[in-house]
Amino acid sequence: MTQHHPDSHSLMEYSAGNLSDPHALCIRLHLDQCDHCQSRVDTLDSLGAVLMEQQASVSVSADMFDHILARLNDEPEIPPMAVNKAGNALERLVQSDINDLPWKRQLADVSVLDISHLFPDQPEKVVLQKLAAGGKAPAHTHRGQETTIVLQGAFSDHKGVFNQWDFVVLDQEDTHKPIALEGPDCITLSVLSAPLKLTGTFTRLLNPFIS
Amino acid sequence: MTNSIRAIKATTGDRSVSTPNSTPNRADGKKDPWSQLLEKVGKSQDRQAYKALFEHFGPQIKYYAMANGLASHAEELVQEVFVSIWRRSCLYDWRKAAASTWIFTIARNQRIDILRKLKRTNAEITIETEDLWQIPGENDNEPVTSLHRLMAERRIRESLRHLPEEQVTVIAKVYMENKSHQTVANELNIPLGTVKSRVRLALGKLKVILQDQNT
Ligand SMILES: [Zn+2]
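Residues numbered from 1 in each chain as written. Chains lettered and ligands numbered in written order. Predicted model: local features only at pLDDT ≥ 70, side-chain atom pairs only at ≥ 80, totals over all residues.

### Brief notes about the overall build of chain B
So, step 1. Helices and strands together make up the secondary structure of chain B, namely 11 helices and zero strands.
So, step 2. Walking chain B from its N terminus toward its C terminus, one meets helices and strands in the order α-α-α-α-α-α-α-α-α-α-α.
So, step 3. In chain B, which comprises 215 residues, the proportion classed as buried is 39%.
So, step 4. When contacts within chain B are restricted to residue pairs at least 6 apart in sequence, long-range pairs at least 24 apart make up 60% of them. (Helix = DSSP H or I, 4+ residues; strand = E, 2+ residues; numbered from the N terminus. Buried ≥ 20, exposed ≤ 12 C-beta atoms within 10 Å, placed from the backbone. Contact = placed C-beta atoms within 7 Å.)

Spelled out as structure tokens, the structure:
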């Protein structure tokens, strides 16, 4: 199972519905695979319900219930809800197996794909990154905050080993130099709240990371 | 702000009398009265049960919309939530979530949907709200519910009563006004670290963090 989980603050912001779409996607992908965090979110959802119950209430217009019934009468057949959709939310979004995406190779071991355009109106940069099995990424630091979830394979850096569905948040204090483990290529989804900067000599090569 | 929280506390007492007339059936175990009503809607499209839910939760959802800055869309939100409740009620499973938790997640998702519609520029939205924010019980992979989960609301209601006001204020702002930790800090004019530590203390007492450390 996963070892690295989102912190309680992020789960609370998720449960409250305050996260941007890309951040919510990272949490959702983790929850799909982590019963432990899912159960924390269930508790937080109940906290939301209790808080809502304890608020003041405001009476609704007298005819609203009839309006609702009229709407329901217009569609007497309850349309069956599609519950089990194929793939996870990201696969549905990119409509592809993540290995078959039009990856842009940047270094021998590093490929990226910017999918920010799939999140219109969101300020963050959303990037898929692929580090070939056993490959090394150049050392870099972060100017803003970067939230990453491992979608496939695993990588290690000075902080430890990150396996599939592990959740990582990095900020400016972190300089890291990830190495992909043997096995399938390591693919991650990262949400960058501000562009990252390189410390090594790869500045120009990894240009898409710097806007 | 302090005033509004006081107002919240003041109304809490009044609300406690508002339970449906039907006495919870012993045979239903931990099923609370609202969950029983919701189940009736799902199983037999019971309109009386539906109306009872509307009368209880409708005004709460309207306040939720207004607190969230959706005053001019508050009634729209209530309508959308109830139409959605009707359509989804066949999927409701009381063992996975209490009715109020289930309804809260629908209200949250419909709020996000309305905000998305209002914010939408020309760009097409490519990801569905429900791909990101899940309604409990609508996922086959979900583990079978533990008693712990069923007791969650009762336990939270109890713990919340004992939390210091400053902690409740912060959590209520996050949930009811959809403020980020940073915004709450700015509004209360306290450092972000203080907001985080208040949240951490509160979540610790609500046993959300305790579970953190078990893994
Ligand atoms: Zn987790």
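### Focus: the overall build of chain A
So, step 1. When helices and strands are counted, chain A shows five helices and 12 strands.
So, step 2. When the 211 residues of chain A are sorted by exposure, 40% land in the buried category.
So, step 3. Contacts in chain A between residues at least 24 apart in sequence constitute 71% of all its contacts with a sequence separation of at least 6.

### Brief notes about the pairing of strand 11 (residues 186-192) of chain A
All names here are of chain A.
So, step 1. With seven of seven residues buried, strand 11 is to be regarded as a mostly interior element.
So, step 2. Of the two faces of strand 11, the one carrying Cys 186, Thr 188, Ser 190 and Leu 192 and the one carrying Ile 187, Leu 189 and Val 191 are both buried.
So, step 3. The pairing of strand 3 (residues 125-131) with strand 11 spans seven bridges and is antiparallel. Considered in strand 11, the bridge of Val 127 is made with Ser 190.
So, step 4. Bridge count between strand 5 (residues 146-152) and strand 11: six bridges; the pairing is antiparallel. Within the sheet, the bridge partner assigned to Thr 148 lies in strand 11 and is Ser 190. (Pairing = 2+ DSSP bridges.)

### Thoughts on unusual backbone geometry
So, step 1. Of note in this structure, Trp 165 of chain A is not a glycine but carries a positive phi near 75°.
So, step 2. Take Trp 165 of chain A: it is sitting in the loop between strand 7 (160-162) and strand 8 (167-170).
So, step 3. On the neighbour-count criterion, Trp 165 of chain A (21 C-beta atoms within 10 Å) is buried.
So, step 4. Even without a glycine there, the phi angle at Gln 45 of chain B is positive, about 45°.
So, step 5. Examined against the element boundaries, Gln 45 of chain B turns out to sit in the loop between helix 2 (33-44) and helix 3 (47-67).

### With respect to the interface of chain A and chain B
So, step 1. At the interface, 52 residues of chain A touch 69 residues of chain B.
So, step 2. Listing elements by their share of the side of chain A that touches chain B, those giving two or more residues are helix 1 (8-16), helix 2 (21-33), helix 3 (35-54), helix 4 (64-74) and helix 5 (89-94) of chain A.
So, step 3. Here the element with the most residues in the side of chain A that touches chain B is helix 3 of chain A; it accounts for 17 residues.
So, step 4. Partitioned by chemical class, the residues of the side of chain A that touches chain B number 25 nonpolar, 16 polar and 11 charged. (Nonpolar A, V, L, I, M, F, W, Y, C, P; charged D, E, K, R; others polar.)

### Comments concerning the sheet that holds strand 3 of chain A
Residue and element names in this part refer to chain A.
So, step 1. What the six strands build is an open sheet, ordered 1-2-3-11-5-8; its pairing is antiparallel. The open sheet has two edge strands with one neighbour each: strand 1 (104-105) and strand 8.
So, step 2. Along the sheet, helix 2 contacts strand 3, strand 5, strand 8 and strand 11; its crossing angle with strand 5, the most-contacted strand, is approximately 40°. (Axes fitted to C-alpha atoms, helices over the stretch in contact; angles between N-to-C directions.)

### Here we look at the confidence of the model for chain A
A low pLDDT score tells you not to read the predicted coordinates there in detail.
So, step 1. For chain A, per-residue confidence averages 85 on the pLDDT scale, and 85% of positions sit at 70 or higher.
So, step 2. Contacts for the low-pLDDT stretch residues 200-211 of chain A, under 50 throughout, to residues beyond four places or in other chains number 17 contacts. (pLDDT = per-residue confidence, 0-100.)

### Regarding the sheet that holds strand 10 (residues 179-180) of chain A
Residue and element names in this part refer to chain A.
So, step 1. Here three strands make up an open sheet; going across it, the order is 7-6-10 and the pairing antiparallel. Of all strands in the sheet, those bounded by a partner on one side alone are strand 7 and strand 10.
So, step 2. Bridge analysis of strand 6 (residues 155-157) against strand 7 gives three bridges, and the strand direction is antiparallel. Within strand 7, the residue paired with Phe 155 across the bridge is Phe 162.

### Observations regarding the confidence of the model for chain B
Residue and element names in this part refer to chain B.
So, step 1. Confidence in the prediction of chain B, expressed as mean pLDDT, is 80, and 74% of residues score 70 or more.
So, step 2. Looking over chain B, one finds the lowest element-wise mean pLDDT in helix 1 (residues 2-15), namely 39, and the highest in helix 3, namely 96.
So, step 3. With pLDDT under 50 throughout, residues 1-28 is counted as low confidence; its partners more than four residues away or in other chains account for 26 contacts.
So, step 4. Counting contacts from residues 210-215, a segment whose pLDDT is below 50, to residues more than four positions away or on other chains yields five contacts.

### Comments concerning the environment of Ile 135 of chain B
Residues and elements named next belong to chain B.
So, step 1. When you line up the elements, Ile 135 lands in the loop between helix 6 (129-132) and helix 7 (147-162).
So, step 2. Expressed as a C-alpha distance, the spacing of Ile 135 and Arg 88, which sit 47 residues apart in the sequence, is 9.8 Å.
So, step 3. The contacts of Ile 135, once residues within four sequence positions are left out, are Arg 88, Trp 102, Thr 105, Ile 106, Asn 109 and Glu 130.

### Examining helix 1 of chain A
All names here are of chain A.
So, step 1. Among the nine residues of helix 1, eight are classified as buried, and the element is accordingly described as predominantly covered.
So, step 2. Listed as buried for helix 1 are Ser 8, Ser 10, Leu 11, Met 12, Glu 13, Tyr 14, Ser 15 and Ala 16.
So, step 3. Once helix 1 finishes, Gly 17 follows within two positions and takes phi at roughly 80°, a positive value.

### So, helix 2 of chain B
Residues and elements named next belong to chain B.
So, step 1. A rise of 1.5 Å per residue sets the reference length of helix 2, with its 12 residues, at 16 Å; its end C-alpha atoms lie 16 Å apart and thus fit the reference within 8%.
So, step 2. Burial in helix 2 covers these residues: Trp 34, Ser 35, Leu 37, Leu 38, Val 41 and Gly 42. Projection of helix 2 onto a plane perpendicular to its axis shows the buried side chains occupying an angular sector of 160°, all on one side. Residues of helix 2 that are exposed and point more than 90 degrees away from the buried face comprise Lys 43 and Ser 44. (Expected span 1.5 Å × (residues − 1). Arc of directions from axis to C-beta.)

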